[in-house]
Amino acid sequence: TINDMFKSMPAELLPGVSEGNKTMLIVDTAQATVPYIFGEIQKVKHSSSYLKIKTSEVGNTQIKLLPVTEDSLIIAVIKTVCGGPNTDVCNSIVSFYNNEWEEMDNQTFIHTISPEMFMDSSKKESDNYKYALSLPDIYPISATFDETSTDLTLTFNYKERLTDLQIKEFETYLIDDKLLLKWNGSNFK
């Protein structure tokens, strides 16, 4: 269960969280807050295969168990940092582990998360396609697991970082600012 995996999670993946605090966070599925050397950690969502904890005013960690076979699983961890308490500009790092918490190659489970995932590749030969991709500071991409399924949503956070003119040019090449990826038992498609 997520409780077993969270309790065995290595300290370097959640620095400063004691074994006792981990236990307090997963005692029941209700929201819980525990003291932390950097403030407080708050449990936001909790189910048998998913845990989301708020690690600071601007950061959170999600842990999701992804089934591979009937008796095998992959642990996915998303660490997200946002630009501040009142902003939606967030950037995530997605990592994958086996049940012994040994990190696995991300490319096995998900293609490189990049702005190009959101772009219309049929317009790649256009003169301004490369310009649109090179606009300054448009790279923050946040990742969120669905609590009740194995779906992963990627959100391209670009609007807050560009001028109106840049947005208009950029959106000519954009398919959507959200992508829903489905887990097929071995990777996300």
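Anything mentioned here points back to the structure above.
In this report, the structure presented in the accompanying data block is examined.

Criteria and thresholds
Residues numbered from 1 in each chain as written. Predicted model: local features only at pLDDT ≥ 70, side-chain atom pairs only at ≥ 80, totals over all residues. Heavy atoms only, no water. Helix = DSSP H or I, 4+ residues; strand = E, 2+ residues; numbered from the N terminus. Contact = heavy atoms within 4.5 Å. Lys, Arg positive; Asp, Glu negative; His and termini not counted. Charge placed at Lys NZ, Arg CZ, Asp CG, Glu CD. Core = buried A, V, L, I, M, F, W, Y, C linked by side-chain atoms within 4.5 Å. Buried < 20%, exposed > 50% of the residue type's maximum accessible area, 1.4 Å probe, protein only. Phe/Tyr/Trp six-rings, centres within 6.5 Å; stacked < 30°, edge-to-face > 60°.

When helices and strands are tallied, the chain shows four helices and ten strands. In the chain, the order of α-helices and β-strands from amino to carboxyl end is α-α-β-β-β-β-β-β-β-α-β-β-α-β. The dimensions of the chain, computed from C-alpha atoms along their principal axes, are 55 × 40 × 25 Å. For the chain, restricting intrachain contacts to residue pairs at least 6 apart in sequence, the fraction spanning at least 24 positions comes to 44%. Between the averaged position of the 17 positive side-chain charges in the chain and that of its 27 negative side-chain charges there is a distance of 3 Å.

Counting residues in each nonpolar core, the largest one holds 31 residues, and the members touching the most others are F96, L152, F170 and F188. Taken together, the elements giving at least two residues each to this core come down to β5 (72-82), β6 (90-97), α3 (127-133), β8 (141-145), β9 (152-156), α4 (164-171) and β10 (178-181). The residues touching L152, leaving out its near neighbours within four places in the chain, are I78, I110, A143, T144, F145, L179, L180, L181 and F188.

For the rest of this paragraph, the subject is the packing of aromatic side chains. This model, assessed by the stated rule, comprises eleven aromatic pairs. Plain terms: the ring middles of Y97 and W101 are 5.3 Å apart, the flat faces sit at 50 degrees to each other, and that makes the pair tilted. For W101, a relative accessible area of 8% translates into the label buried. Between F156 and Y158 the ring centres are 5.5 Å apart and the planes differ by 50 degrees, which places this aromatic pair in the tilted class.

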